[in-house]
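Spelled out from the first residue to the last, the chains are:
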Amino acid sequence: MTLLYIECPCTSFPRSFARDYKETYLYPPPSTIYGFLLSLVGEENLTTHLGVELALGIIGDDPAISRIVRKQRHHKFAIGQEAKKRIAKYGEGVYPSSNFSKLNHQELLTNVRIVVQVNSHQETASIKLTERISIALSTPSQITRFGGLSLGESNGLVNGVRSYRESDGTIRWLVKDKRGLIGLPIWINRTTGQGTFQRFSFGDFCSDCWVSIKLPVSKSNTKLSKSKASK
Amino acid sequence: MSKHLFATIVTPTAIAANNRGEGDGSTLSTLQKITFGNDQYSTVSAEAIRWAFREYLQNVTESEVNRTFDPDEDKYNLKGEKDKKGATFDSQKYIDDDLFGYMDAKKGADNENDTKKRRGVLEVSRAISLDPYWGDIAFGSTGGQKGKTSIHSTEVHRTAYQYTIALTPESLKKQERAALVLDAISAIRHVGGNHSRFLYEFRPESIVIRLTDDPSPWIMNCFQRSGDTVGCSELICLINAKDIDPSELIVGGKISKTPYAESLKQANVKVCDGVKEAIQIAKQRLAQTKKEATSL
């Protein structure tokens with residue numbers, strides 16, 4: 001098992017259902033952490049380490065939330081005559097940034113310091129994620145990866161990753177709790193926008209801290225497995 | 001094996017008013033602000049800094065830049081935009097498409113997603129002021145005949161900014177473009193706001209460069225205010241804790257004249273008097289690693 005310390009000076013974890021105003025989750029969602037770990041070890045396939053279990057903890061107070069103004073792209077869904085005019089002017093499916101970007105508010109988090117514990121017992125990959133992480137940390141020259149290491153949005157650069165030390169501070173662990181007030185996504189399907197979510201509350205480390213990263217079971221899959229079972 | 005290039009830059013202290021017209025309907029030009037702990041700091045977006053990098057590239061090698069800015073027309077031109085449906089971007093041919101990436105949102109003939117995009121290889125963090133913002137405002141008015149809106153006010157902040165860049169040279173289509181980025185750091189201009197009429201030097205006063213296998217920079221926000229100048233005690237702590245290999249670091253600029261430089265030198269960090277000298281050494285090390293990689 002690996003206990004990692006991650007520090008991120010400025011980032012944002014946009015809420016899955018945020019509309020124009022991009023509010024952020026206060027804590028990094030397990031799905032984000034999973035993506036971050038894959039990036040750390042240079043893995044591009046999202047499904048390679050499915051089944052891995054993660055436990056998340058926060059060091060110190062809750063990160064501060066700031067609100068900034070930023071330009072965002074937006075597409076107007078024009079129909080009828082309006083759509084024809086737009087296509088005649090710019091071409092089919094072309095959305096110039098001069099016309100389709102506008103100012104908007106966004107929330108940022110500062111000074112995010114987290115601890116992640118990784119458990120690879122349940123995953124099926126031949127080289128476990130924990131092994132790959134320890135290689136990435138001890139001998140990074142053996143890892144082939146690209147891009148700055150970021151947590152959340154791609155401009156939320158991570159300052160550093162290393163093993164957790166006692167002197168970093170006490171950890172408040174996110175514990176699975178059906179009545180907890182902290183809701184975070186475990187997996188978001190980017191095509192359908194659907195995903196699985198989990199509620200948490202803060203507590204000491206226990207077995208309920210472990211979150212398993214797996215694909216959500218879609219309805220069609222359930223039907224398929226039922227029909228298979230009946231056969 | 002991936003070598004990563006990181007650099008944290010701190011600008012000189014001056015009066016900044018990087019207001020970019022995001023007014024709230026009043027005649028007050030506001031600064032972008034961000035909260036760290038219990039204090040509020042002013043900030044300059046990564047996009048503004050990227051704009052300054054683009055401007056440098058356009059000035060130096062316009063023929064290899066796809067998106068150029070025409071200040072007379074206040075317009076951007078894309079060389080790759082042959083016609084409305086043609087190929088717009090080419091990261092092999094154009095430096096800016098390679099470094100900054102692109103996204104061309106399109107639908108295909110059968111209404112399928114035909115978006116062409118490339119993730120930018122050069123990553124830039126938001127610049128954050130070293131000093132907290134205490135709400136200073138400068139008042140002014142338009143010349144000549146006065147009207148209802150002729151009195152205006154501008155939030156101003158006397159401070160220095162620091163930001164970090166990250167780049168993996170081997171992710172570039174042409175690796176030699178990494179050296180161009182290093183040159184651009186010291187030549188950065190128009191980041192100041194007030195609709196870009198306002199001069200705020202955004203050149204590096206001090207710089208920390210790290211060329212490493214480590215995927216994380218560890219040098220973000222390593223500068224902090226120390227009297228009238230800046231210090232880097234955080235960086236020294238990280239070297240002492242063996243989180244950073246001191247031989248990977250190159251430090252240059254005004255910081256070399258502070259007591260912090262002594263501790264850095266003792267820890268075997270390369271310390272230069274000037275920023276440009278530090279950048280030159282970084283370029284040599286980059287070329288060296290490229291040579292080693294190709295000889296393997």
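- Per an unreviewed UniProt entry, the recorded name for chain B is CRISPR-associated protein DevR, and the organism is Nostoc piscinale CENA21.

- Per an unreviewed UniProt entry, chain A is named CRISPR-associated protein Cas5, and its organism is Nostoc piscinale CENA21.

1. Observations regarding empty space enclosed by the protein
Moving on, step 1. According to the stated counting rule, one finds two cavities of 30 Å³ or more in the structure shown.
Moving on, step 2. For the largest cavity, the calculated volume is near 170 Å³.
Moving on, step 3. What lines the largest cavity is a set of 20 residues, among which Cys10, Asn155 and Gly156 of chain A together with Ser125 and Arg126 of chain B lie closest to the centre.
Moving on, step 4. Broken down by secondary-structure element, the contributors of at least two residues to the lining of the largest cavity are β1 (2-11) of chain A together with α1 (46-60) and β15 (161-167) of chain B.
Moving on, step 5. For the lining of the largest cavity, the element with the most residues is β1 of chain A, which contributes three residues.
Moving on, step 6. Lining the second largest cavity, in full, are Trp51, Arg54, Glu55, Gln58, Arg67, Phe69 and Tyr76 of chain B.
Moving on, step 7. At the level of secondary structure, the elements contributing two or more residues to the lining of the second largest cavity comprise α1 and β6 (67-70) of chain B.
Moving on, step 8. Classifying every residue of the lining of the second largest cavity gives three nonpolar, one polar and three charged.

2. Some points on the confidence of the model for chain A
Moving on, step 1. Looking at chain A as a whole, the pLDDT averages 85, with 91% of positions reaching at least 70.
Moving on, step 2. Every residue in residues 222-226 of chain A is under pLDDT 50, and counting partners more than four places away or in other chains gives one contact.

3. Side note on the sheet that holds strand β12 (residues 137-141) of chain B
Residue and element names in this part refer to chain B.
Moving on, step 1. The strand order across the open sheet formed by three strands is β3-β13-β12, and the pairing between neighbours is mixed. Whereas interior strands pair on both sides, the edge strands pair on one side only; in this sheet they are β3 (28-29) and β12.
Moving on, step 2. As paired strands, β12 and strand β13 (residues 151-155) are joined by five bridges and run antiparallel to one another. Across the sheet, phenylalanine 139 pairs through a bridge with serine 153, a residue of β13.

4. Focus: the side chain of glutamate 7 of chain A
Moving on, step 1. Structurally, the position occupied by glutamate 7 of chain A is in strand β1.
Moving on, step 2. Buried charge without a partner: glutamate 7 of chain A forms no salt bridge, and the closest opposite charge is arginine 162 of chain A, 5.5 Å away.
Moving on, step 3. Setting aside residues no more than four positions away along its own chain, glutamate 7 of chain A makes contact with Val112, Arg113, Val158, Asn159 and Gly160 of chain A together with Trp218 of chain B.

5. A word on the interface of chain A and chain B
Moving on, step 1. At the interface, 45 residues of chain A touch 37 residues of chain B.
Moving on, step 2. A buried area of about 3200 Å², summed over both sides, lies between chain A and chain B, and 56% of it is on carbon and sulfur atoms.
Moving on, step 3. Of all residues in chain A, Arg145, Leu157 and Asn159 of chain A give up the largest surface area on contact with chain B, accounting jointly for 17% of the area buried on that side.
Moving on, step 4. At the junction of chain A with chain B, the criterion picks out two salt bridges.
Moving on, step 5. In this structure, the salt-bridge partner of aspartate 243 of chain B is arginine 165 of chain A, at a minimum N-O distance of 2.6 Å.
Moving on, step 6. At the boundary of chain A and chain B, one finds nine residue pairs in polar contact (both at pLDDT 80 or more).
Moving on, step 7. With eight residues, the top contributor of residues to the side of chain A that touches chain B is strand β3 (residues 64-73) of chain A.
Moving on, step 8. Each residue belonging to the side of chain A that touches chain B can be placed in one class, and the counts come to 21 nonpolar, 15 polar and nine charged.

6. Digging into the packing of aromatic side chains
Moving on, step 1. Under the criterion given, the structure shown has 13 aromatic pairs over all chains.
Moving on, step 2. Measuring from ring centre to ring centre gives 5.2 Å for tyrosine 27 of chain A and phenylalanine 202 of chain A, while their planes differ by 90°; the resulting arrangement is edge-to-face. Pair noted here: tyrosine 27 of chain A is in the loop between β1 and α1 (30-41) and phenylalanine 202 of chain A is in strand β8 (residues 195-203), with a separation of 175 residues, a long-range link.
Moving on, step 3. A ring pair is formed by phenylalanine 205 of chain A and tryptophan 210 of chain A, whose centres lie 5.8 Å apart and whose planes are at 90°; its orientation type is edge-to-face.
Moving on, step 4. Ring pairs connect the aromatic residues Tyr161, Tyr163, Tyr200 and Phe202 of chain B, which therefore count as one cluster.

What counts as what
- Residues numbered from 1 in each chain as written.
- Chains lettered and ligands numbered in written order.
- Predicted model: local features only at pLDDT ≥ 70, side-chain atom pairs only at ≥ 80, totals over all residues.
- Heavy atoms only, no water.
- 1 Å grid on protein atoms, 1.4 Å probe; cavity = no way out; pocket = protein on both sides within 12 Å on 5 of 7 lines; lining within 4 Å.
- Points joined across faces, edges and corners; volume = space filled by probe spheres on them.
- Helix = DSSP H or I, 4+ residues; strand = E, 2+ residues; numbered from the N terminus.
- Nonpolar A, V, L, I, M, F, W, Y, C, P; charged D, E, K, R; others polar.
- pLDDT = per-residue confidence, 0-100.
- Contact = heavy atoms within 4.5 Å.
- Pairing = 2+ DSSP bridges.
- Buried < 20%, exposed > 50% of the residue type's maximum accessible area, 1.4 Å probe, protein only.
- Lys, Arg positive; Asp, Glu negative; His and termini not counted.
- Salt bridge = Lys/Arg side-chain N within 4 Å of Asp/Glu carboxyl O.
- Buried area = accessible area lost by both parts, 1.4 Å probe.
- Polar contact = N/O pair within 3.5 Å; in protein donor to acceptor, adjacent residues only side chain to side chain.
- Phe/Tyr/Trp six-rings, centres within 6.5 Å; stacked < 30°, edge-to-face > 60°.

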